[in-house]
Amino acid sequence: MTQIERRDSGLAYIADESMFEEMVACRKKLKALNAIDRWEQDRINEAAKQVVPDSQDMTVIPPFYCEYGTHIHLGKGFFANYNCTLVDVGPITIGDDCLLGPDVSIYTAGHPVHPGTRSTGWEYGKPVTIGDRCWIGGSTVILPGVTIGSGTVVGAGSVVTRDLPENVVAAGNPCRVIRPITQEDARMLYRREPIDDEAWQDICQKTNPEGQ
């Protein structure tokens, strides 16, 4: 197997010249993306599509960073705030309507723990999967091999080392489930502060337009 084939199969691999060529191609696209004036959002989104081809209507606030771009798979309605980093040695798959806060980092790359083994240059990538309608709070770090279920909220500053189920609030280092998300949360804005009537009416129309 080639080193690229080993990498893409989730096996141990050594980064060789062919991989560096892929990374250089991505870095050139990232340079173009991150150089665009911040108020030119349409141009930014078009450039982001060049970095991450398998995306729909992604919106990023630069700077944005990744390793290859071609190993990232995004659903519709993706948003990444300032300074997000997606190290996509392994696949990063994110569902519809997901939000990444500022400084979120998703790592799929890893190295052997033993220093002797690590010094030989062998490394690996393990996939990260995030379901639909997730919100990942600012400065969160998601480690290789993690799956986060749909609807889940991860609190700011968390380090996600293990899988998280659907529809929970989770936070901490290491990140742990705090509580489930229930229907009672539907009209909550900040902690126990309710959403005002005007905003709530609009939300109801958008989420239940038939009044059912």
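Bear in mind that the values here come from a model prediction, so they are computed numbers and not experimental data.

(A) Just the sheet that holds strand β10 (residues 109-110), in detail. With antiparallel pairing, the 3 strands of this open sheet are ordered in space as β1-β11-β10. The open sheet has two edge strands, β1 (13-14) and β10, and neither has a second partner. Relative to strand β11 (residues 122-125), β1 runs antiparallel, the two sharing 2 bridges. By the bridge assignment for β11, Y13 is matched with E123.

(B) Molecular detail of the sheet that holds strand β13 (residues 135-136). Ordered by their spatial adjacency, 7 strands build an open sheet running β2-β5-β8-β13-β16-β18-β19, and the pairing between neighbours is mixed. This sheet does not close on itself; its edge strands, each paired only once, are β2 (59-60) and β19 (176-180). Where strand β5 (residues 79-80) meets strand β8 (residues 99-100), 2 bridges bridge the pair, whose relative direction is parallel. When the bridges of β8 are listed, F79 appears paired with L99.

(C) Highlighting the packing of aromatic side chains. A complete count under the given rule lists 0 aromatic pairs for this structure. Over the aromatic face of Y68 sits the side chain of R7, whose NZ or CZ is 4.6 Å from the ring centroid.

(D) Spotlight on the layout of surface pockets. Put simply, the largest pocket is a space of about 820 Å³. What lines the largest pocket is a set of 20 residues, and nearest its centre among them are W135, V153, V169, I181 and D185. Those elements that provide at least two residues to the lining of the largest pocket are β19 and β20 (188-190). The element contributing the most residues to the lining of the largest pocket is β20, with 3 residues. Class assignment for the residues of the lining of the largest pocket results in 11 nonpolar, 3 polar and 6 charged. In this structure, the second largest pocket encloses a volume near 240 Å³. Around the second largest pocket, the lining residues are Q183, D185, A186, M188, L189, I195, W200, I203, K206 and T207. It is helix α5 (residues 197-207) that provides the largest number of residues to the lining of the second largest pocket, a total of 4 residues.

The rules behind these values
- Residues numbered from 1 in each chain as written.
- Predicted model: local features only at pLDDT ≥ 70, side-chain atom pairs only at ≥ 80, totals over all residues.
- Heavy atoms only, no water.
- Pairing = 2+ DSSP bridges.
- Helix = DSSP H or I, 4+ residues; strand = E, 2+ residues; numbered from the N terminus.
- Phe/Tyr/Trp six-rings, centres within 6.5 Å; stacked < 30°, edge-to-face > 60°.
- Lys NZ or Arg CZ within 6 Å of the ring centre and 35° of its normal.
- 1 Å grid on protein atoms, 1.4 Å probe; cavity = no way out; pocket = protein on both sides within 12 Å on 5 of 7 lines; lining within 4 Å.
- Points joined across faces, edges and corners; volume = space filled by probe spheres on them.
- Nonpolar A, V, L, I, M, F, W, Y, C, P; charged D, E, K, R; others polar.

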